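Chain residues, written in single-letter form:
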There are 2 protein chains.
Amino acid sequence: MREFLAITKALSDETRVRALRALRDGELCLCHLVGLLELAPSTVSKHLDVLCQARLVERRKDGRWAHFRLAGRAAPPLARQALRWVLTALKDDVTIARDAKRLATLRGRDLKELAACYKS
Amino acid sequence: MREFLAITKALSDETRVRALRALRDGELCLCHLVGLLELAPSTVSKHLDVLCQARLVERRKDGRWAHFRLAGRAAPPLARQALRWVLTALKDDVTIARDAKRLATLRGRDLKELAACYKS
DNA sequence: TCCTCATTTCGTCAACTAACGAAGTATAGC
DNA sequence: GCTATACTTCGTTAGTTGACGAAATGAGGA
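Below is a summary of the structure that appears in this document.

What counts, and at which threshold
Residues numbered from 1 in each chain as written. Chains lettered and ligands numbered in written order. Predicted model: local features only at pLDDT ≥ 70, side-chain atom pairs only at ≥ 80, totals over all residues. Heavy atoms only, no water. Pairing = 2+ DSSP bridges. Helix = DSSP H or I, 4+ residues; strand = E, 2+ residues; numbered from the N terminus. Near = heavy atom within 4 Å. Polar contact = N/O pair within 3.5 Å; in protein donor to acceptor, adjacent residues only side chain to side chain. Nonpolar A, V, L, I, M, F, W, Y, C, P; charged D, E, K, R; others polar. Contact = heavy atoms within 4.5 Å. Axes fitted to C-alpha atoms, helices over the stretch in contact; angles between N-to-C directions. Phe/Tyr/Trp six-rings, centres within 6.5 Å; stacked < 30°, edge-to-face > 60°. Buried < 20%, exposed > 50% of the residue type's maximum accessible area, 1.4 Å probe, protein only. Expected span 1.5 Å × (residues − 1). Least-squares fit on C-alpha atoms with pLDDT ≥ 70 in both.

With that settled, the discussion passes to the pairing of strand 3 (residues 65-70) of chain A. All names here are of chain A. One ladder, built from two bridges, connects strand 1 (residues 28-29) with strand 3; its direction is antiparallel. Paired with Cys-29 across the bridge in strand 3 is His-67. By the bridge criterion, six bridges tie strand 2 (residues 57-62) to strand 3 in an arrangement that is antiparallel. Each residue of the ladder has a partner; that of Glu-58, found in strand 3, is Arg-69. Between strand 2 and strand 3, which pair antiparallel in sequence order, lie two residues; one of them, Gly-63, sits at a positive phi of approximately 65°.

Here's what the structure looks like:
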């Protein structure tokens, strides 16, 4: 039950769901997500932490950068089922579609340039 | 997105999840659920309201009694998918198993006797 | 070594949520 | 009609959550 509730709580916030969906097309670093979600880095970091705790997302540290990706084959079945459901459920969502567009341009830029964004 | 979040928020509370699972084996009235969950009637009523808003549960009024059941064929696809996932995900949960046992005895009693319970 | 900077942790505040009991609504039975 | 009662609504309270900025952490480069 604890594992199940960790997942549903993680999924019960719009920001986290948007982050999940953004990761669908591949790994992103925190600054990409900050750029997409337009929230303070500390806030985004916290949200990703919740997703990691629920085992929906995996964190990979690479030097100064933290990369996040959807949980893979090693994830618990419950988390994998949840991911499958979420990603199909939101296929046609408008918010998600808008994010996907912005993501396309964000992915183009390199990390250094992006990181500079969250000063302003 | 709003519909999706209504569902995940409804599923992110242990009491509501237990109520959902209890309804799996058929309709129950509020007093059954009060007996099972051991919370104030007003609290249980509120929880069921959240589940109904999310379209996971349907309410049927019969005289003084309110009967609740899992959403059926008329429910939105998103809610039905969610129900399918929840009910399979919690198949082996210990809390749920304990509830199932208590439910078996609760279902045996008639409504009048049950309702009297939640005075004491 | 020292500085820079991406990220995380911490402390705080406002908003939300779950719990309760009291009061309100509505129905069955007299 | 009147009463008892099953449920819902309302108001209050305690605990949780999400947001931020400031400070801490830790890796890369001068």
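Attention now goes to the protein's contact with DNA strand D. Around DNA strand D, the surrounding shell holds 23 residues, and the nearest of these are Thr-43 and His-47 of chain A together with Ser-42, Ser-45 and Arg-59 of chain B. Among the atoms of DNA strand D lying within 4 Å of the protein, the sugar-phosphate backbone contributes 80%. Contacts to DNA strand D include Arg-16 of chain A, whose side-chain N or O atom sits 2.9 Å from a phosphate oxygen. Arg-64 of chain B places a side-chain nitrogen or oxygen 3.2 Å from a sugar or linking oxygen of DNA strand D. Of all the secondary-structure elements, those providing two or more residues to the surface near DNA strand D are helix 2 (14-23) and helix 4 (41-53) of chain A together with helix 3 (30-37), helix 4 (41-53), strand 2 (57-62) and strand 3 (65-70) of chain B. A per-class count over the surface near DNA strand D returns ten nonpolar, seven polar and six charged.

Next up on the list: the sheet that holds strand 1 of chain A. Residue and element names in this part refer to chain A. Pairing is antiparallel in the open sheet, where three strands are placed in the order 1-3-2. The open sheet has two edge strands with one neighbour each: strand 1 and strand 2. Lying over the sheet, helix 2 contacts strand 1, strand 2 and strand 3, oriented at roughly 85° with respect to strand 3.

Let's shift gears to the protein's contact with DNA strand C. As a matter of local geometry, DNA strand C sits amid 23 residues, with Ser-42 and Ser-45 of chain A together with Arg-16, Thr-43 and His-47 of chain B nearest to it. Cys-31 of chain A is positioned such that a nitrogen or oxygen atom in its backbone is 3.3 Å from a phosphate oxygen of DNA strand C. Going through the elements one at a time, helix 3 (30-37), helix 4, strand 2 and strand 3 of chain A together with helix 2 (14-23) and helix 4 of chain B are the ones with two or more residues in the surface near DNA strand C. Among the residues forming the surface near DNA strand C, the class breakdown is ten nonpolar, seven polar and six charged.

With that settled, the discussion passes to the sheet that holds strand 2 of chain B. Strand order across the open sheet formed by three strands is 1-3-2 (chain B), with antiparallel pairing between neighbours. Pairing within the sheet leaves two strands with one partner each, and these edge strands are strand 1 (28-29) and strand 2 of chain B.

So, on to the packing of aromatic side chains. Counted under the stated rule, the structure contains three aromatic pairs over all chains. Centroid distance Trp-85 of chain A to Phe-4 of chain B: 5.3 Å. Interplanar angle 35°. Geometry classified as tilted. Of this pair, Trp-85 of chain A sits in helix 5 (residues 77-89) while Phe-4 of chain B sits in helix 1 (residues 2-10), on two different chains. What makes Trp-85 of chain A buried here is its relative accessible area of 6%. Residue Phe-4 of chain B is classed as buried on the basis of its relative accessible area of 1%. Grouped by ring-pair contacts, the aromatic residues Phe-4 and Trp-85 of chain A together with Phe-4 and Trp-85 of chain B constitute a single cluster.

In this model helix 5 of chain A runs 18 Å from its N-terminal to its C-terminal C-alpha over 13 residues, within 8% of the 18 Å that 1.5 Å per residue would give. Along helix 5 of chain A, the positions that sit buried rather than exposed are Leu-78, Ala-79, Ala-82, Leu-83, Trp-85, Val-86, Leu-87 and Ala-89 of chain A. Those residues of helix 5 of chain A hidden inside the fold are in contact with helix 1 (2-10), helix 2 and strand 3 of chain A together with helix 1 and helix 5 (77-89) of chain B.

Let's shift gears to the relation of the copies chain A and chain B. When chain A is fitted onto chain B, the two copies agree to an RMSD of 0.0 Å after a turn of 180° and an axial shift of 0.0 Å. Viewed as a symmetry operation, the transformation between the two copies matches a two-fold axis. For chain A, the residue whose C-alpha comes nearest the rotation axis is Thr-8 of chain A, separated from it by 2.9 Å. Of all interface residues in chain A, 100% are interface residues in chain B too; the two copies therefore contact each other through one and the same surface.

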